[in-house]
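Structural overview
Listed below, chain by chain, are the residues.
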Amino acid sequence: MTIVVDGRRRGDCSGTQTSRAGSGTSGAGAVTYAPGDVIDIYPQNHLEDTLAALKQLGLHPDDVVEIKLNPDAPGFLRKNAEPLLPPRLTVLELFRVYLDVFGTPGRYFFEVLSHFATDPMQKEKLKEFNSPEGQLELYRYATREKRTYIEVLADFRSAQLPLSHFISHVPRMQPRQFSIASSCLKYPNQAHICMAVVEYKTPFRREKRGICSSWLASLLADSGGHQVPVSFSKGSFRMPSSLSTPVLMVGPGTGIAPFMSMCQEREVLLTRLASKNGIESTKDYGGAYVFFGNRFRDKDYLYREEWKLLTDGRTENGTKLAAVTGFYCAFSRDQKEKVYVQHRLAEQKDIVWDVLGKRNGTFMLAGNSQKMPNDVRKQVQEIVRAIGKMSEREAKMFLLRMDAKRQYVQETWS
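Starting from 1, residues in each chain are numbered consecutively following that chain's sequence as written. Local features in this predicted model are restricted to residues whose pLDDT is 70 or higher, and side-chain atom pairs enter the listing and the counts only when it is 80 or higher, whereas totals over whole chains, interfaces and linings include all residues. To obtain the side-chain values, all non-hydrogen atoms of the structure were included, while hydrogens and water were left out.

Each α-helix turn comprises 3.6 residues. Residues three or four places apart therefore point the same way. Each residue is assigned to one of three classes by its accessible area relative to the maximum for its type, calculated with a 1.4 Å probe on protein chains only: buried under 20%, partly exposed between the two thresholds, exposed over 50%. Here a strand is any run of E in DSSP of at least two residues, a helix any run of H or I of at least four, and the numbering for each starts at the N terminus. For helix α3 (residues 91-98), the complete set of buried residues consists of V91, L94 and F95. For α3, the angular spread of buried residues about the axis comes to 85°, placing them on one side. The reported arc concerns the directions from the helix axis to the C-beta atoms and nothing else.

Written out as structure tokens, the structure reads:
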């Protein structure tokens with residue numbers, strides 16, 4: 001499936017983080033998904049970077065390549081060549097769309113390269129990288145520095161790798177997954193994402209950027225629509241089937257995306273229920289309690305206006321109709337002492353226990369996979385222990401039972 005993308009910035013995010021909402025209109029049928037699903041976006045390498053790489057390698061972008069699989073080749077080589085490769089394409093298409101030449105090579109690539117190096121010192125270095133004794137140096141040279149296939153070939157220019165070996169030994173460009181930040185009930189035939197443009201410096205201060213996020217950002221900066229190939233996959237989250245089930249949602253940074261999708265969906269379902277049976281019929285709504293964290297309120301408050309609308313809702317005949325029952329922010333850099341989502345959970349401990357301990361609710365967590373998930377779980381466990389009057393072991397078992405019933409679900413990434 002292909003979609004036409006457009007976008008708009010969601011706040012002036014600080015540092016290297018730029019968050020945008022991209023909406024897509026399908027070029028092949030309706031866009032359908034459920035809250036908690038992810039969109040798989042198939043990126044391309046930047047045109048200027050690809051042309052520079054081809055010039056370095058002495059390849060002409062308009063030359064046509066015909067792909068023919070060798071039936072006698074080892075199975076892993078055939079497997080690497082088969083997916084996503086048309087039988088006939090230009091060199092530019094091959095390097096821009098299909099080969100992950102700006103990814104970081106693994107150990108085996110250096111072994112392959114050593115067979116083509118003609119300079120004795122370069123050949124020796126490549127063999128050293130492939131030896132058990134050279135793994136630390138290989139890590140420092142390639143992995144830690146995020147050195148790309150193209151950069152490696154620039155450093156070892158005597159190793160002239162044939163084009164057929166590029167196809168065999170450079171992996172295919174893989175789709176990047178993004179949590180969907182919209183409900184297709186509210187935005188038919190669209191899928192929104194909340195994206196941080198990845199830009200950073202390596203330990204040796206070399207500037208790097210994420211392939212997919214920077215490419216998408218360049219498309220969104222353009223006024224014209226661009227077709228992007230996508231597919232949809234099931235995510236870790238599933239919204240409770242009953243609106244009476246309360247939900248706690250914790251989403252620092254772009255981890256807030258799936259919870260925007262769920263809250264928009266609940267907003268539409270609540271509105272439909274009220275329209276059909278009257279607003280009194282929504283009194284059994286279990287509620288959604290959202291905990292959002294980022295660095296600065298003024299610069300990093302993603303979906304600020306949308307959250308206000310979802311929290312304010314509307315009041316009719318003395319009954320408030322709002323998809324979000326409580327919204328709690330933690331902006332870590334707005335004060336001397338850093339405040340994170342786990343601190344807000346501690347402040348709202350009565351709500352946490354009411355949802356999890358009294359009303360058999362669901363807890364969902366999305367975001368960075370470093371310290372945050374463990375810190376949040378420790379805080380929730382402490383709340384369960386203290387208010388539930390349990391021992392540490394009993395509180396731990398309480399959360400493990402929630403895990404088993406998929407009432408405590410997390411989706412994290414590095």
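The rest of the description comes next.
Turning to the sheet that holds strand β15 (residues 362-368), a few remarks are in order. Pairing between strands is defined by DSSP: at least two bridges between them are needed. The sheet built from five strands is open, its strands ordered β14-β11-β10-β15-β16 with parallel pairing. Here the strands that pair on one side only, and so sit at the sheet edges, are β14 (326-331) and β16 (408-413). Pairwise comparison of adjacent strand axes, ignoring direction, gives a mean angle of 10° for this sheet. Strands β10 (247-252), β11 (288-294) and β15 of the sheet are contacted by helix α10 (residues 257-277), whose axis makes an angle of about 145° with β10. Any two residues having at least one pair of non-hydrogen atoms within 4.5 Å are treated as being in contact. For helices, the fitted axis covers only the stretch in contact; all axes are lines through C-alpha atoms, and the angles between them, taken along N-to-C directions, range from 0 to 180 degrees. Lying over the sheet, helix α14 (residues 349-358) contacts β10, β11, β14 and β15, oriented at roughly 125° with respect to β10.

Listed as buried for α14 are V352, W353, V355 and L356. Elements in contact with the buried residues of α14: β10, β11, α13 (341-347), β15, α15 (372-387) and α16 (392-404). In the stretch just after α14, N360 is the one whose phi turns positive, near 55°.

By the secondary structure assignment, W307 is in helix α12 (residues 304-312). In sequence terms W307 and F327 are 20 residues apart; their C-alpha atoms lie 7.7 Å from each other. Every residue in contact with W307, bar those within four places of it in the chain, is listed here: I256, F259, M260, C263, V290, L302, V324 and F327.

Moving on to the pairing of β15. β15 sits mainly inside the fold: six of its seven residues count as buried. Of the pairings in the sheet, the one linking β10 to β15 comprises four bridges and is parallel in character. When the sheet's bridge partners are listed, V250 is paired in β15 with L365. Pairing of β15 with β16 involves six bridges; the strand directions are parallel. For G367, the partnering residue across the bridge sits in β16 and is T412.

Salt bridge, as applied in this entry: a Lys or Arg side-chain nitrogen positioned within 4 Å of an Asp or Glu carboxyl oxygen. Tallied over the full model, the rule gives 17 salt bridges. A salt bridge links D37 to R238; the nearest nitrogen and oxygen atoms lie 2.6 Å apart. One end of the pair, D37, is in the loop between β2 (20-26) and β3 (38-41); the other, R238, is in the loop between β9 (226-233) and β10, with 201 residues separating them in the sequence. When its relative accessible area of 4% is taken as the criterion, D37 is described as buried. In this structure, the salt-bridge partner of R147 is D155, at a minimum N-O distance of 3.9 Å. For R147, a relative accessible area of 13% translates into the label buried.

A separate point is the environment of R359. Within the fold, R359 resides in the loop between α14 and β15. R359 gets classed as partly exposed once you look at its relative accessible area, which sits at 32%. With 113 residues separating them along the chain, R359 and P246 place their C-alpha atoms 7.3 Å apart. When residues no more than four places from it in sequence are discounted, the contact partners of R359 are P246, G286, Y289 and D354. Within the structure, the side chain of R359 is placed 3.3 Å from the side chain of Y289, a separation counted as a polar contact. N or O atoms within 3.5 Å of each other form a polar contact, as long as, within protein, one can give a hydrogen and the other can take it, and as long as residues adjacent in sequence are counted only when both atoms are side-chain atoms.

A separate point is unusual backbone geometry. In the Ramachandran plot, R205 falls in the positive-phi region, its phi being about 65° despite a non-glycine side chain. Position of R205 relative to the elements: it lies in the loop between β7 (199-201) and β8 (207-209). Relative accessible area serves as the criterion here: at 58%, R205 is assigned to the exposed category. One non-glycine residue, Y303, adopts positive backbone phi at about 60°. The residue Y303 is located in the loop between α11 (297-300) and α12 in this model. Residue classification places Y303 among the buried positions, given a relative accessible area of 3%.

Attention now moves to the side chain of K208. Mapping K208 onto the fold places it in strand β8. From its side chain, K208 meets the backbone oxygen of K146 in a polar contact 3.0 Å long. Beyond its immediate stretch of four places on either side in the chain, K208 contacts E145, K146, R147, T148, E151, V198, E199, Y200 and T202.

The next point concerns the environment of L51. By the secondary structure assignment, L51 is in helix α1 (residues 47-57). Note: C-alpha distance between L51 and L92 (41 residues apart in sequence) is 7.5 Å. In this structure, L51 is in contact with P61 and L92, ignoring residues within four places of it in sequence.

Contact geometry of helix α5 (residues 120-129) with helix α6 (residues 135-143) gives a least axis separation of 8 Å together with a crossing angle of 105°. One element, α5, and the other, α6, form an angle in the roughly perpendicular class. Contact with α5, carried on its side by K125, E128 and F129, involves Q135, E137, L138 and Y141 of α6 and no other residues of that element. The cut-offs work like this: below 35 degrees is roughly parallel, past 145 is roughly antiparallel, 65 to 115 is roughly perpendicular, and the gaps in between are oblique.

Just distances and angles here, no functional claims.
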